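Observations on chain architecture
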Amino acid sequence: MSGETILIVEDNLVLRDGLRDMLANDGYHMLCVSNGKEALDQMSTFTPDLILSDISMPEMDGYEFLRAVRTRSEWVTIPFLFLTARGEKEDILIGKNLGAEDYLIKPINREELLTAVRARLTRSQEIKVAQLQQAYEASLTVLANAIDVRDPYTRGHVERVTAYAQELAQQVGIQGRALEQIRFGAILHDIGKIVIQDDVLLKSAPLTPQEWDLMMRHPITGAEMIKDIPYLAPAIPIIRHHHEKWDGNGYPDHLKENAIPLGARIVTVADSFDAMTIDRPYRKGRSLEEARQEIIQCSARHFDPLVVQAFLRAWEAHRIQDIFTFWRQKIG
Ligand SMILES: [Fe+2]
Ligand SMILES: [Fe+2]
């Protein structure tokens, strides 16, 4: 059973009933009306998942109806399929220009109808998921930037680290959902700093041992903060371990080599490269070349040699420099 609701707008009752039966048999919920006006009335209380509409109808024709549908933001993504009697080029062209996804030529056979409907519903579902994910990632970035706002010298840190980490991950061969998880981890890596008071977070003089202790808790705090959000669970190891070092001299758990999750090893390189290259009130950032040398020198000590290799490949492809330049121009 499909479960989605399809709105049929058709004044020919025989045809309408035929379409309704074919789709109802495939598990769809059906709403049937005779013209655009009635359809809009229905839609004032209910949003269908897909619309199948005739073109010439009394009261309000299909074109006018489609125009009305596309003016409302909550309706713009509803797949809209025209039913046309003649399949005339002009009808199809007008329909497409108005934003109809597709058209079906009457008489319509069952296979053709179901294939078109299924394809459009799947596509619209994919778009919805992608939009949701984009919105989700954008809100995570806003949350993560709460730290950047307090410390203007790290402005863009979250976005740059995320961009570098994504590039390195791709160079290592990571893709799909695993890549998304690394992005989430990178966005949120320093989220635990949110609990550190300004006088410590923004201090330009060297930190006291107590202040260091506080600062060094941010990976643990950050991982704790998101532990109850199942969707972000894969980001927890990245947040908790982004200050571990390959040789075991990092924190908080002194993990060594491959015991450090790969996502964390990637974010470590991205984070360190950014920290080296940004200007601070008390010191100017290193040049990109100096930072590259430092990454190489610290291979197998601070950094995973495999990730360093990935970094060098990204460097060769000019990807690292491009990300740096993009953000320098954006932030100034
Ligand atoms: Fe950190
Ligand atoms: Fe960081």
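Residues numbered from 1 in each chain as written. Chains lettered and ligands numbered in written order. Predicted model: local features only at pLDDT ≥ 70, side-chain atom pairs only at ≥ 80, totals over all residues. Heavy atoms only, no water.

Quick word on the pattern of salt bridges
- Enumeration over the complete set of coordinates arrives at 22 salt bridges.
- A salt bridge links Asp 17 to Arg 20; the nearest nitrogen and oxygen atoms lie 3.4 Å apart. On the criterion of helical spacing, the pair formed by Asp 17 and Arg 20 is a turn pair, its members being 3 residues apart in helix 1 (residues 13-25).
- In this structure, Lys 193 engages Asp 190 in a salt bridge whose closest nitrogen and oxygen atoms are separated by 3.6 Å. (Salt bridge = Lys/Arg side-chain N within 4 Å of Asp/Glu carboxyl O. Helix = DSSP H or I, 4+ residues; strand = E, 2+ residues; numbered from the N terminus.)

Observations concerning the coordination of the iron ion (ligand 2)
- Protein coordination at the iron ion (ligand 2): the donors are His 157 (NE2), His 189 (NE2), Asp 190 (OD) and Asp 271 (OD), at 2.1 to 2.4 Å from the metal.
- If you look at the iron ion (ligand 2), its 4 donor atoms make angles of 77 to 179° with each other, and the shape they trace is irregular.
- Counting residues between consecutive donors of the iron ion (ligand 2) along the chain gives the motif H-x31-H-D-x80-D.
- A separation of 3.9 Å is found between the iron ion (ligand 2) and the iron ion (ligand 1), both of which receive a donor from Asp 190. (Donors = N, O, S within 2.8 Å, 3.2 Å for Na, K, Ca; no water. Tetrahedral: all angles 85-135°; square planar, octahedral: opposite > 155°, others 65-115°.)

A look at unusual backbone geometry
- Cis peptide bonds are those with omega within 30 degrees of zero, and the linkage from Lys 106 to Pro 107 qualifies with -10°.
- Between Tyr 251 and Pro 252 the backbone carries a cis peptide bond, its omega angle lying at 10°.
- With respect to the helices and strands, Pro 252 occurs in the loop between helix 11 (236-241) and helix 12 (262-277).
- Phi is positive for Ala 300, which is not a glycine, with a value near 70°.
- Within the fold, Ala 300 resides in the loop between helix 13 (288-297) and helix 14 (305-316).
- Residue classification places Ala 300 among the partly exposed residues on the basis of a relative accessible area of 40%.
- Positive phi is not limited to glycine here, since His 318 has a value of about 70°.
- Topologically, His 318 is positioned in the loop between helix 14 and helix 15 (319-331).
- For His 318, a relative accessible area of 44% puts it in the partly exposed group. (Buried < 20%, exposed > 50% of the residue type's maximum accessible area, 1.4 Å probe, protein only.)

Description of the environment of His 302
- By the element assignment, His 302 lies in the loop between helix 13 and helix 14.
- As for His 302 and Thr 268, which are separated by 34 residues in sequence, their C-alpha atoms are 8.7 Å apart.
- With near-sequence residues (within four places) excluded, His 302 lies in contact with Glu 244, Lys 245, Trp 246, Thr 268 and Ser 272. (Contact = heavy atoms within 4.5 Å.)

A few points about helix 12
- For helix 12, built from 16 residues, the straight-helix expectation of 22 Å at 1.5 Å per residue is met to within 8% by its first-to-last C-alpha distance of 23 Å.
- Counting buried positions along helix 12 gives 14 out of 16 residues, so the element sits mostly inside the fold. (Expected span 1.5 Å × (residues − 1).)

Focus: the side chain of Asp 271
- With respect to the element layout, Asp 271 can be found in helix 12.
- An unpaired buried charge is present at Asp 271: no salt bridge exists, and Lys 193, the closest side chain of opposite charge, is 6.6 Å distant. (Lys, Arg positive; Asp, Glu negative; His and termini not counted.)

Observations regarding the coordination of the iron ion (ligand 1)
- Within the protein, the atoms that donate to the iron ion (ligand 1) are Asp 190 (OD), His 218 (NE2), His 242 (NE2) and His 243 (NE2), at distances of 2.1 to 2.2 Å.
- Angles of 86 to 177° at the metal separate the 4 donor atoms of the iron ion (ligand 1), which places the site in the irregular class.

No statement about biological role is implied by the geometric values presented.
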